[in-house]
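# Notes for the structure review
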Amino acid sequence: MNSIRVRLGVLGLALLTGFSTPTAASATEAAPSPTVEERRLDRAVPQEILRRSGFDTVAPRFARALDEARSYAQARRAVVGEGTQLWRRAVDRAQGRGPADGDLSRDDDRPLYWARLALTREVRTWEPEFGLTDGQRTALLGELERTSRGRTAIGYPHGKGLKRILVTGFDPFTLDRDIRISNPSGATALALDGTVIETADGPARIETAVFPVRWQDFTEGTVERTLRPHLPEVDLFTTVSQGRVGRFDVERTNGAWRGGFADNDNIGRTETVPVTDPASQPQWTTTTLPYRAIVTADTGRFPVYDNTGVTEIPAGGTEPVVRPDGPTPGSTARAGGGGDYLSNEIAYRATLLRDRLGLHDRLPGGHVHTPVLQFGTGNTTEVTDPEFVRNRLDIIAQVRTILRVAAEES
């Protein structure tokens, strides 16, 4: 046994990632405590979700691999391997490959979320005998985040005749309100990753990634780092998140404002969206998705809306005003069509990156909000039920159809 491990339960969460090259450890530094997000792992519902999906074996296996590491290099290999394997296992389970390893429906995104937290908590509380600097620990957490979220797995076959689509989803959130929550956008990412849809113009390959619900990760540029290598090569991109009850929305306009709602670490931010080169930062960005075609097509059982509303401070004004038809010239953003939370922010960052790469006029891209994923009537305690599963499967299928329509119109 070559390490001393702080044990706080069976499982663990994700990080505030850093991406600089770690320096060699000169002395052992105390392991930090688990985050707010990681500490939820000890509750009954996460444990049940992991057990009923077979993902409860992930953290113990990873802990043994860390204990066997004799150097930072060996630890890094263990982290990269386990993160990559976790993403692939979640995708395979969602797409019906291999055993289900439990009675939880295959379309469920929550096993990946809670298992990832289990792994990050292992890294965060690990104290190896060879010593680990803060920078090295942060780098390991960063590797685990990138690999277990599908970011390092994005890749398209070479050759002509195949359209390329990039889709992003999110982790579950508002877990202190209801820890059973699933996020249909994350489930959609797992269900569609690496799949091919047939369009009137030929096949289209979909690649996906899942993002954390944490302000700090966005501040540190995780969206831009993930998307920048791929936007010049794809034919369509769509950021997806959970939105309103009973409806899909194609968000027309995105705003440069954070409204302060608490993230998964119970941290709120109220400020202008922080980006590089703020002097050239616009208050608003717009979708280039073919929204008219999407909202008029028969894509599924939920209605789809072209959402044009925003909240702004008008030029020369001091108080926020709701504008149903979009922003007025010179106004300051207070909420995009998708609000002032991380859904709006990923849409803003992705479309701003599109524009800064000079792709506005040739790359369709924007944000789609799914319906809220609801449990069956009367279910206030069970982690799943038939209506809950049906709702999630219908949302996934409708996103797939929306992507097909968007690809055919682009």
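One can find the structure itself at the top, above this paragraph.
Our subject in this report is the structure included herewith. The structure displayed is predicted, hence computed values, not measured ones.

## Remarks on the overall build of the protein chain
The helix and strand tally for the protein chain stands at 12 helices and 16 strands. The globule rule puts the C-alpha radius of gyration for 410 residues at 22 Å, and the 21 Å found for the protein chain is close to it. Seen through its principal axes, the protein chain has C-alpha atoms that stretch 65 × 50 × 45 Å. The contacts of the protein chain with a sequence gap of at least 6 include a subset with a gap of at least 24, amounting to 80%. Carbon and sulfur atoms make up 52% of the accessible area of the protein chain, which totals about 15,900 Å². Between the mean site of the 51 positive side-chain charges and the mean site of the 54 negative ones, the protein chain shows a separation of 2 Å.

## Observations concerning the nonpolar core
Ranked by internal contacts, the top residues of the largest apolar core, which has 38 residues, are W114, V123 and L140. Of all the elements in the fold, those that place two or more residues in this core are α2 (44-53), α3 (58-68), α4 (72-94), α5 (110-124), α6 (134-148) and α7 (184-192). Once residues within four sequence positions are removed from consideration, V123 is found in contact with F62, L66, V79, R137, L140, L141 and L144. Of all hydrophobic cores here, the second largest spans 27 residues; its members include V167, A204, F388 and A407.

## Details of the pairing of strand β16 (residues 365-370)
Among the 6 residues of β16, 6 are classified as buried, and the element is accordingly described as predominantly covered. Across 6 bridges, the pairing between strand β6 (residues 236-242) and β16 is parallel. From the neighbouring strand, Q242 faces β16, where its bridge partner is T370. Pairing analysis gives 3 bridges linking strand β7 (residues 248-251) to β16, with the strands arranged antiparallel. When the sheet's bridge partners are listed, D249 is paired in β16 with H369.

## Comments concerning the sheet that holds β7
Hydrogen bonding along the main chain pairs the strands of a sheet, whether they run parallel or antiparallel. Spatially, the 7 strands line up as an open sheet ordered β4-β5-β3-β6-β16-β7-β12, and their pairing is mixed. The open sheet has two free edges, formed respectively by β4 (196-199) and β12 (304-307), since each of these has just one partner strand. Taken pair by pair, the neighbouring strands of this sheet meet at an average axis angle of 25 degrees, ignoring direction. Summarising the sheet, strand β3 (residues 163-170) and strand β5 (residues 202-211) pair through 8 bridges and their orientation is parallel. The residue bridging G169 from the neighbouring strand is V210, located in β5. Lying on the sheet, α7 is in contact with β3, β5, β6 and β16; it crosses β5 at an angle near 135 degrees.

## Overview of the packing of α7 against helix α12 (residues 386-409)
For the pair α7 and α12, the least separation of the axes is 9 Å and the interaxial angle reads 65 degrees. Pair α7 / α12 crosses with right-handed handedness. Counted together, P184, A187, T188, A191 and L192 of α7 and R392, I395, I396, V399, R400 and L403 of α12 form the full contact between these two elements. Broken down by class, the residue content of the contact of α7 with α12 amounts to 8 nonpolar, 1 polar and 2 charged.

## Overview of the side chain of T226
In this fold, T226 is placed in helix α9 (residues 222-227). In this structure the side chain of T226 is engaged in a polar contact, spanning 2.8 Å, whose partner is the backbone oxygen of T222. The contacts of T226, once residues within four sequence positions are left out, are R151, I154 and F211.

## Describing empty space enclosed by the protein
Inspection of every chain in the model, using the stated rule, returns 3 cavities of 30 Å³ or more. Within this model, the second largest cavity holds a volume of roughly 40 Å³. D109, L112, Y113, R116, F170, D171, P172, G186 and V210 are the residues that line the second largest cavity. Broken down by element, the lining of the second largest cavity gets its largest block of residues, 3 residues, from α5. In the lining of the second largest cavity, the residues fall into 5 nonpolar, 1 polar and 3 charged.

## Topic: the packing of α2 against α5
With their axes 9 Å apart at the nearest point, α2 and α5 run at an angle of 115 degrees to one another. In terms of axis orientation, α2 runs roughly perpendicular to α5. Relative to α5, α2 is oriented so that their crossing is left-handed. Only R110, P111, W114 and A115 of α5 make contact with α2, whose side of the interface consists of P46, I49, L50 and S53. Counted by class, the contact of α2 with α5 contains 6 nonpolar, 1 polar and 1 charged residues.

## Description of α6
Taking 1.5 Å of rise per residue, the 15 residues of α6 would be expected to cover 21 Å, and the 21 Å separating its terminal C-alpha atoms lies within 8% of that figure. With 11 of 15 residues buried, α6 is to be regarded as a mostly interior element. All of the buried residues in α6 are Q136, R137, A139, L140, L141, G142, E143, L144, E145, T147 and S148. Buried residues belonging to α6 abut α4, α5, β2 (126-128) and α8 (215-219). G150 lies just past α6 and shows a positive phi near 85 degrees.

## Comments concerning the pattern of salt bridges
Here the idea is simple: oppositely charged side chains can pair when their charged atoms come close. Enumeration over the complete set of coordinates arrives at 37 salt bridges. Residue E145 pairs with R214 through a salt bridge whose shortest N-O separation is 3.0 Å. Placement of E145 in helix α6 and of R214 in the loop between β5 and α8 is noted, with a sequence separation of 69 residues between them. For R214, a relative accessible area of 1% puts it in the buried group. Close ionic contact of R349 with E345 constitutes a salt bridge, the shortest N to O distance being 2.9 Å. One end of the pair, R349, and the other, E345, are both in helix α11 (residues 342-356), 4 residues apart, so they sit about a helical turn from each other. E345 carries the same exposure label as R349, and that label is buried. Overlapping salt bridges bring together E37, R116, E145, R149, D171, R214 and D217 as one network.

Thresholds applied
- Residues numbered from 1 in each chain as written.
- Predicted model: local features only at pLDDT ≥ 70, side-chain atom pairs only at ≥ 80, totals over all residues.
- Heavy atoms only, no water.
- Helix = DSSP H or I, 4+ residues; strand = E, 2+ residues; numbered from the N terminus.
- Rg over C-alpha atoms; globule rule 2.2 N^0.38 Å.
- Contact = heavy atoms within 4.5 Å.
- Areas by Shrake-Rupley, 256 points an atom, 1.4 Å probe, with all protein chains shown as cover.
- Lys, Arg positive; Asp, Glu negative; His and termini not counted.
- Charge placed at Lys NZ, Arg CZ, Asp CG, Glu CD.
- Core = buried A, V, L, I, M, F, W, Y, C linked by side-chain atoms within 4.5 Å.
- Buried < 20%, exposed > 50% of the residue type's maximum accessible area, 1.4 Å probe, protein only.
- Pairing = 2+ DSSP bridges.
- Axes fitted to C-alpha atoms, helices over the stretch in contact; angles between N-to-C directions.
- Left-handed = near helix turned anticlockwise from the far one by under 90°.
- Nonpolar A, V, L, I, M, F, W, Y, C, P; charged D, E, K, R; others polar.
- Polar contact = N/O pair within 3.5 Å; in protein donor to acceptor, adjacent residues only side chain to side chain.
- 1 Å grid on protein atoms, 1.4 Å probe; cavity = no way out; pocket = protein on both sides within 12 Å on 5 of 7 lines; lining within 4 Å.
- Points joined across faces, edges and corners; volume = space filled by probe spheres on them.
- Parallel < 35°, antiparallel > 145°, perpendicular 65-115°, else oblique.
- Expected span 1.5 Å × (residues − 1).
- Salt bridge = Lys/Arg side-chain N within 4 Å of Asp/Glu carboxyl O.

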